[in-house]
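So you can see what is in the structure, the chains are spelled out below.
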Amino acid sequence: MLSMRNVSVTYGNNPVPAVENFSLEMKQGEIVSIVGESRSGKTTVIRAVLGCLPGGGYVSRGEISFEGRPVSGFGREEWRRLRGTEISMIFQDSGAMLNPVRRIGSQYVEYIRTHEKMGRRAAWERGARMLEQMRLPDGEHIMRSYPFQLSGGQRQRVGIAMAMTFQPKLLLADEPTSALDVTTQAQIVRQMLKLREEYHTGIIMVTHNLGEAAYMADRILVMKEGHIVDAGTREQILAHPSSAYTRNLLDSVPALGGYRFV
Ligand SMILES: Nc1ncnc2c1ncn2[C@@H]1O[C@H](COP(=O)(O)OP(=O)(O)OP(=O)(O)O)[C@@H](O)[C@H]1O
Ligand SMILES: [Mg+2]
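I will try to describe carefully the structure that is included in this document. What you see is a predicted model; the values in this text were computed from it and never measured.

This brings us to the site of ligand 1. Around ligand 1 sit 13 residues, and of these S38, R39, K42, T43 and T44 come closest. Between ligand 1 and the protein, one listed contact pairs an oxygen atom with a backbone N or O atom of S40 at 3.1 Å. In this structure, an oxygen atom belonging to ligand 1 sits 3.0 Å away from a main-chain N or O atom of G41. Contact with the protein chains hides 66% of the accessible area of ligand 1, taken as 630 Å² for the molecule alone. Broken down by element, the residue count for the shell around ligand 1 peaks at 3 residues, all from helix α1 (residues 42–49). The residue inventory of the shell around ligand 1, partitioned by class, reads 3 nonpolar, 6 polar and 4 charged.

In structure tokens, the structure reads:
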């Protein structure tokens, strides 16, 4: 589904790439977690996949392919068709992505209608149904709410619901739980595991939290200063971390929802 081969990403004229020699082969339905300290290049990697690097960022080496086709050849139209439907993204704080002065429903309807020809009523119903599937009990009520009337966890579920509307093959999640309290973190993580079960979505999950990665991911990539310093199945990474950096991370794992998973 997704293939990244020896990818380097450079911002502007910076002679040092922010990410260097990054490789990842991913099948549909797989969950891969990218773990690493701040500025290690995690966000850069997933933005490169989505073709939306900020600040003059570009893929300076290597190749990214989606469904067998190099994304470097995608034009504006093709990206518009893919983003939000085949590949979608959720952020650390979905509330920040939502317009604070508009109700969820009107934003959700607009989002659906930019991707698919559909009447307002049908789009509204689809949105409300999707919210309920993400375990927001009263979809209609959420649709009529303003973002500030929801809790952080509820807003994050709205973000996941929107990202999952078109059942993408690949979901990119950039620290989707780090702004939440531990109990809500655990709920969101379980919700994401259900996405894979129900929709067979491939997920790249970026997190600071190796415990969360250990709970969710089939495979874990550990990054430091723009490089992959460890990669393997979760069992390999947890039982036999090859780098001293990963061993250090393992020693400082916080608990997830009151439980330690590693
Ligand atoms: N818009 C930008 N313009 C220039 N350089 C950038 C930009 N965004 C990121 N970088 C650089 O790329 C490197 C990796 O940053 P990135 O945001 O990918 O790290 P991260 O692992 O996601 O960090 P965090 O955990 O803090 O979110 C950093 O050295 C950063 O300075
Ligand atoms: Mg980041």
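A separate point is the packing of aromatic side chains. Under the counting rule described, the total for this entry stands at 3 aromatic pairs. Between F74 and W79, the aromatic rings sit 5.4 Å apart at their centres with planes inclined by 70 degrees, giving edge-to-face as the arrangement. Seen from their ring centres, Y146 and F148 are 5.7 Å apart, and the 10 degrees between their planes marks the pair as stacked. Y146 gets classed as partly exposed once you look at its relative accessible area, which sits at 24%.

Looking at helix α11 (residues 244–251), one finds that the buried residues are Y245, T246, L249 and L250. Buried residues of α11, seen end-on, are gathered within an arc of 140 degrees and therefore sit on one face of the element. Away from the buried face of α11 by more than 90 degrees, exposed residues N248 and D251 are located. Buried residues along α11 sit against β3 (31–36), α9 (210–216), β9 (219–224), β10 (227–233) and α10 (234–239).

Tallied over the full model, the rule gives 15 salt bridges. A salt bridge links R80 to E77, with the nearest nitrogen and oxygen atoms 3.3 Å apart. On the criterion of helical spacing, the pair formed by R80 and E77 is a turn pair, its members being 3 residues apart in helix α2 (residues 76–82). Looking at R80, the relative accessible area reads 55%, which means it is exposed. R81 serves as the salt-bridge partner of E78, at 4.0 Å between the closest nitrogen and oxygen. Here E78 pairs with R81, and both are found in helix α2, just 3 residues apart, close to one helical turn.

Calculation notes
- Residues numbered from 1 in each chain as written.
- Chains lettered and ligands numbered in written order.
- Predicted model: local features only at pLDDT ≥ 70, side-chain atom pairs only at ≥ 80, totals over all residues.
- Heavy atoms only, no water.
- Near = heavy atom within 4 Å.
- Polar contact = N/O pair within 3.5 Å; in protein donor to acceptor, adjacent residues only side chain to side chain.
- Areas by Shrake-Rupley, 256 points an atom, 1.4 Å probe, with all protein chains shown as cover.
- Helix = DSSP H or I, 4+ residues; strand = E, 2+ residues; numbered from the N terminus.
- Nonpolar A, V, L, I, M, F, W, Y, C, P; charged D, E, K, R; others polar.
- Phe/Tyr/Trp six-rings, centres within 6.5 Å; stacked < 30°, edge-to-face > 60°.
- Buried < 20%, exposed > 50% of the residue type's maximum accessible area, 1.4 Å probe, protein only.
- Arc of directions from axis to C-beta.
- Contact = heavy atoms within 4.5 Å.
- Salt bridge = Lys/Arg side-chain N within 4 Å of Asp/Glu carboxyl O.

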